[in-house]
Amino acid sequence: MPKKLSKLSTEFPLQEYDYIFCGVGASASLVLLQLHNHNLLVNKHILLIDPDNKRKKDKTFCFWAEEEEAISIDLRNIISHKWQNVWLAEGKIESLKPLEYNHIASIDLYNEVHNLIEQYGWEKITDSIDQIKTDKICPFIEINGIIFRAKYIFDSRPPDYRPSFIKDIHIFQSFVGWLIKTETPISNPDAFRFMDFQIDQQNSTQFIYVLPFSENTALVEVTRFGEHIIEEDTCKKILEEYIETIFGKYAILDVETGCIPMSNAAIDKSNLPGVISLGARNYQIKPSTGYAFKNMYYQSRKIVEAIKNNQALDFVNKSDLEIKKGRFAFYDNLLLDILKNNPKKGKPIFEALLAKTKIKLVLTFLDEKTNLKHDIFIFSQLPWAIFIKTILKRWFQKNWFRPLMLLLIAIILLLLGNHTMPQKYVSNGLILGGMISVGIPHGAVDHLLESGRWDRRVTPLFIVKYLFLAACVLLLWFANSSIALSFFLIYSSWHFGQADGKRWGFSRGLSMFWGSFILFFILGTHIQETNQILQIIDTYKLSIECPLWLLVPWFGVALFKKNVSFILTIIWLLLSAYLPLIISFSLYFIGQHSITGWYDIKKYLNMSNRLIWLHSLPFHSAAWIFLSLFLLNYTSTSAIQEYDLWAVFFIFISSISFPHVIYMNYVYPTKKKMK
Ligand SMILES: Cc1cc2nc3c(=O)[nH]c(=O)nc-3n(C[C@H](O)[C@H](O)[C@H](O)COP(=O)(O)OP(=O)(O)OC[C@H]3O[C@@H](n4cnc5c(N)ncnc54)[C@H](O)[C@@H]3O)c2cc1C
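Residues numbered from 1 in each chain as written. Predicted model: local features only at pLDDT ≥ 70, side-chain atom pairs only at ≥ 80, totals over all residues. Heavy atoms only, no water.

1. Structural notes on the pairing of strand S7 (residues 99–105)
With respect to burial, S7 is a largely interior element, 7 of its 7 residues being buried. Of the two faces of S7, both are covered, the one formed by Leu99, Tyr101, His103 and Ala105 as well as the one formed by Glu100, Asn102 and Ile104. Note that strand S3 (residues 60–66) and S7 share 7 bridges and pair antiparallel. Looking at S7, one finds that Phe63 is bridged to Asn102. As judged from the 4 bridges shared by strand S4 (residues 79–83) and S7, these two strands associate in the antiparallel manner. (Buried < 20%, exposed > 50% of the residue type's maximum accessible area, 1.4 Å probe, protein only. Helix = DSSP H or I, 4+ residues; strand = E, 2+ residues; numbered from the N terminus. Pairing = 2+ DSSP bridges.)

2. Quick word on the pattern of salt bridges
Proximity of charged atoms lets side chains of opposite charge pair with each other. A complete count under the given rule lists 22 salt bridges for this structure. The partner of Glu69 in a salt bridge is Lys294, and the shortest N-O contact between them spans 3.8 Å. In this pair, Glu69 sits in the loop between S3 and helix H2 (70–74) while Lys294 sits in helix H5 (residues 293–308), placing the two residues 225 residues apart along the sequence. We note that Glu69, like Lys294, is buried. Its salt-bridge partner being Asp168, residue Lys324 comes within 3.1 Å of it at the nearest N-O pair. Of the two residues, Lys324 is situated in the loop between helix H6 (320–323) and helix H7 (327–341) and Asp168 in the loop between strand S12 (161–162) and strand S13 (170–182); the sequence distance between them amounts to 156 residues. (Salt bridge = Lys/Arg side-chain N within 4 Å of Asp/Glu carboxyl O.)

3. Brief notes about the site of the ligand
Every one of the 30 residues lining the ligand counts as a neighbour, but Ser27, Asp50, Cys62, Ala292 and Phe293 are closest to it. Contacts to the ligand include Phe293, whose backbone N or O atom sits 2.7 Å from an oxygen atom. Protein contacts shield 87% of the accessible area of the ligand, which totals 970 Å² for the unbound molecule. Of all the elements in the fold, those that place two or more residues in the shell around the ligand are helix H1 (26–37), S3, strand S17 (250–263) and H5. Residue composition of the shell around the ligand, by class: 16 nonpolar, 9 polar and 5 charged. The residues that make up the shell around the ligand include at least three from each of domain 1 (14–80 + 101–160 + 267–321) and domain 2 (170–263). (Near = heavy atom within 4 Å. Polar contact = N/O pair within 3.5 Å; in protein donor to acceptor, adjacent residues only side chain to side chain. Areas by Shrake-Rupley, 256 points an atom, 1.4 Å probe, with all protein chains shown as cover. Nonpolar A, V, L, I, M, F, W, Y, C, P; charged D, E, K, R; others polar. Domains from an automatic or database assignment.)

4. Let's talk about helix H13 (residues 421–439)
Those residues of H13 that fall on the buried side of the exposure criterion are Gln423, Ser427, Ile431, Gly434, Met435, Val438 and Gly439. Each buried residue of H13 sits inside an arc of 110 degrees when the element is viewed along its axis, so together they form one side. (Arc of directions from axis to C-beta.)

5. Quick word on the nonpolar core
Counting 73 residues, the largest nonpolar core has Met435, Trp477, Trp514, Phe566, Leu573 and Ile601 as the members making the most contacts within it. A per-element tally of this core places helix H21 (residues 581–605) first, with 12 residues. Apart from the residues within four sequence positions on either side, Met435 is in contact with Ile440, Pro441, Phe589, Ile590, His620, Trp624, Phe649 and Ile653. Listed in part, the 47 residues of the second largest apolar core include Ile71, Ile104, Phe175 and Ile285. (Core = buried A, V, L, I, M, F, W, Y, C linked by side-chain atoms within 4.5 Å. Contact = heavy atoms within 4.5 Å.)

6. Regarding the packing of helix H16 (residues 481–504) against H21
Where H16 contacts H21, the two axes come as close as 10 Å, and the packing angle between them is 60 degrees. Taken together, H16 and H21 sit at an angle that is classed as oblique. Seen from above, H16 lies across H21 with left-handed handedness. Mapping the contact onto sequence places His495, Phe496, Ala499, Asp500, Arg503 and Trp504 in H16 and Phe585, Tyr588, Phe589, Gln592, His593, Thr596, Tyr599 and Asp600 in H21. Considered class by class, the residues forming the contact of H16 with H21 number 7 nonpolar, 4 polar and 3 charged. (Axes fitted to C-alpha atoms, helices over the stretch in contact; angles between N-to-C directions. Parallel < 35°, antiparallel > 145°, perpendicular 65-115°, else oblique. Left-handed = near helix turned anticlockwise from the far one by under 90°.)

7. Section: the environment of Leu559
Here Leu559 shows up in helix H19 (residues 551–560). Placed 195 residues apart in sequence, Leu559 and Thr364 show a C-alpha to C-alpha distance of 40 Å.

8. What to know about the packing of aromatic side chains
In the structure shown here, the tally under the stated rule is 60 aromatic pairs. Measuring from ring centre to ring centre gives 4.7 Å for Phe21 and Phe154, while their planes differ by 15 degrees; the resulting arrangement is stacked. With a gap of 133 residues between them, Phe21 in strand S1 (residues 14–22) and Phe154 in strand S11 (residues 146–155) connect regions that are remote in the sequence. Geometrically, the ring pair formed by Phe487 and Tyr491 is edge-to-face, given 5.0 Å between the ring centres and 75 degrees between the ring planes. (Phe/Tyr/Trp six-rings, centres within 6.5 Å; stacked < 30°, edge-to-face > 60°.)

9. Here we look at the sheet that holds strand S14 (residues 191–196)
The 7 strands are arranged S6-S5-S14-S15-S16-S13-S17 in an open sheet whose pairing can be described as mixed. The sheet is open, and its two edges are formed by strand S6 (93–95) and S17, each paired on a single side. Each strand of the sheet is rotated relative to its neighbour by a mean of 20 degrees, with strand direction disregarded. With 2 bridges connecting them, S14 and strand S15 (residues 205–212) associate as antiparallel partners. Paired with Asp196 across the two strands is Ile208, which belongs to S15. Those strands touched by helix H9 (residues 359–366) are strand S5 (85–87), S6 and S14, and its axis lies near 60 degrees from that of S6.

10. Details of a nonpolar patch on the surface
Residues Val458, Ile463, Leu467, Ile625, Phe626, Leu629 and Leu632 make up a contiguous nonpolar surface patch of about 640 Å² in total accessible area. By relative accessible area, Phe626 is classed as partly exposed at 44%. (Patch = residues over 30% accessible without salt bridge, like charges linked within 9 Å, V, L, I, M, F, W, Y side chains within 5 Å.)

11. Overview of the side chain of Asn531
In this structure, Asn531 sits in helix H18 (residues 527–537). Taking relative accessible area as the criterion, Asn531 reaches 9% and is therefore assigned buried.

12. What about the environment of Asn399?
Among the structural elements, Asn399 can be located in the loop between helix H11 (384–397) and helix H12 (401–416). For Asn399, a relative accessible area of 33% translates into the label partly exposed. Spatially, the C-alpha atom of Asn399 lies 54 Å from that of Ile186, the residues being 213 residues apart in sequence. Not counting residues up to four positions away in its chain, the partners in contact with Asn399 are Lys167, Arg503 and Ser565.

13. A short note on the sheet that holds S4
Ordered in space as S3-S7-S4, the 3 strands form an open sheet in which the pairing is antiparallel. Strands at the two margins of the open sheet, each flanked by one partner only, are S3 and S4. Strand after strand, the sheet turns through a mean of 25 degrees between neighbouring axes, direction not considered. In this fold H5 packs onto S3 and S7, with an angle of close to 70 degrees to the strand it touches most, S3.

14. Structural notes on unusual backbone geometry
The omega torsion across Lys97 and Pro98 is 5 degrees, close enough to zero to call that bond cis. Among the structural elements, Pro98 can be located in the loop between S6 and S7. Despite not being glycine, Lys54 has its phi angle at roughly 55 degrees, a positive value. Looking at the element boundaries, Lys54 is found in the loop between strand S2 (46–49) and S3.

15. Some points on the confidence of the model for the chain
Across the chain, the average pLDDT comes to 90, with 95% of residues at 70 or higher. The least confident element of the chain, judged by mean pLDDT, is H6 at 80; the most confident is H1 at 97. For residues 1–10, every residue scores under 50 in pLDDT, and the model assigns this stretch 18 contacts once sequence neighbours within four places are set aside. Across residues 671–675, where pLDDT falls below 50, the model places 15 contacts with residues more than four positions away in sequence or in other chains. (pLDDT = per-residue confidence, 0-100.)

Here's what the structure looks like:
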């Protein structure tokens, strides 16, 4: 029994332990076995808490390792089967040597822990824990008014993932397996079938595993990598057909189902001092394969090593940043992205991998132990076009990618020479393309923002309200252009600052300040051109030129925040001061503001780019028609100059952007930073 401590004053009864295991599944069992093997459990007070009594086989743990490897030696008592060969496509059998593929039935692992419970007389509570807390002394758990403290609480409760928009992928490896008894002997019981893709893919990536246990028994499992968990009915058909074709008549002895998260998202865990996360909760599942067992075993060894050396254990807790680093995390992300967004490509990728690369190298690669040369060889054998496409797509989603592109565009336009024909052609082409693809469309889905739903029909009331707001601004231009201009500058500052500020974690005040600065910087560094346009629409003149050094404090903020996207933005803004006003403004309006707004709308509506663009089409087209009418009306009354056109365009944009600014408040309702 654990000893009761009275010296700590608390309003609750108190029990203290050396270690509490919150969750006693695979990872906790492996830690307990390691501690026991190293004689570190003698005289230790241990409490185990799990809502499940772990009395039945709920999983099959497979892993590959060399015969003399620590994991094979340590767990030899519970390894119930080993295969030295793998059975690949077209009946090809390949040796795994020096590796072996090992199988452990989960109940055998749990039984080892049950033996330890008996041997040491530990206490076990069958309960589910919602929260682990900590105070100045140590971490603790409260159950029914009793406080359970421990030097360390090992937490292996199933993780909650926090997928953030776009960048994180969260899919599932789901499977249904039948343990079967065949009538005719299995031709190669020494070889297991790794991944057989000769089944209907059903718009996912699906394959069959076969683990023969004897000449007449085998586990045949259909596995899906995908967004949707495979249903038992679907598996039934696939399994029946597959088993009959390969093995003939059979009887089902047992059924195993399961689902493993395949995710590169951060796990919602607090990493409190003294609370050590284990297993799936500590990123031990390899996102692209779902294998975790070997990782968990090696993690248990690290824990034991640290305890032996009296080292603190908090180093075991992995942070979300840590797991996103390194080239293997990069490969995992790519594969997850392909499996989610191009599921049909999974089959050709895995088939090419298994056909062209020796299985030992594949397994070493999955263990993240290959060198770069091996990796290049492996990827060169795969259908690489989809990888390149996915890399480009993911780069495009990175915060730093867009400002980097804007920087490159600014450099190219400067190199083409100001006011030269090449610069005009390239910049006009970019502006037109940008306005059609995102500039106008990002403001043409406001009808969806009010309800936050893409399937809502646009109502006549909405159109009337929208046109009314735009018309008010237009009338203001005719009534008093100075007030209209000031009004436009205020709501544009608010709107521009809002989108950037959310992304960079600015307060509302700082966002507004940034928005007004951007406008002042772009207009004030092109004072002559600005005043030329202003003279056409008003008598108002911008009298202060914006000095370039005003960017310096912002650059300092960007450096202080270590925000690469912000740093790059400041650099291209600086360069844009040397480009004509229209180009400078368009770089910001299309390249920065509209695309940022587009992604925020995409997140808010949870829609694809294509769908948003299609939904924007009616209002988008109407905007172009209105603009053409506006320009036609103007050109019929005046001798047209380039700046006149821009002035008309400017008034038009200011009118239609006012209702858009109002509707975007549905997308940016809180102070929360957008991910
Ligand atoms: C069906 C299946 C088969 C798998 N096969 C393999 C394989 O072959 N090879 C491989 O490498 N990996 C495999 N994995 C992946 C991984 O090895 C397992 O998921 C493994 O069980 C993870 O260990 P864990 O300790 O993190 O979680 P678990 O083993 O699931 O243990 C978590 C424990 O926490 C308990 N618990 C839940 N909620 C609470 C709560 N609120 N409070 C307290 N306790 C709680 C649960 O009852 C459970 O006992 C498989 C996973 C599944 C699901």
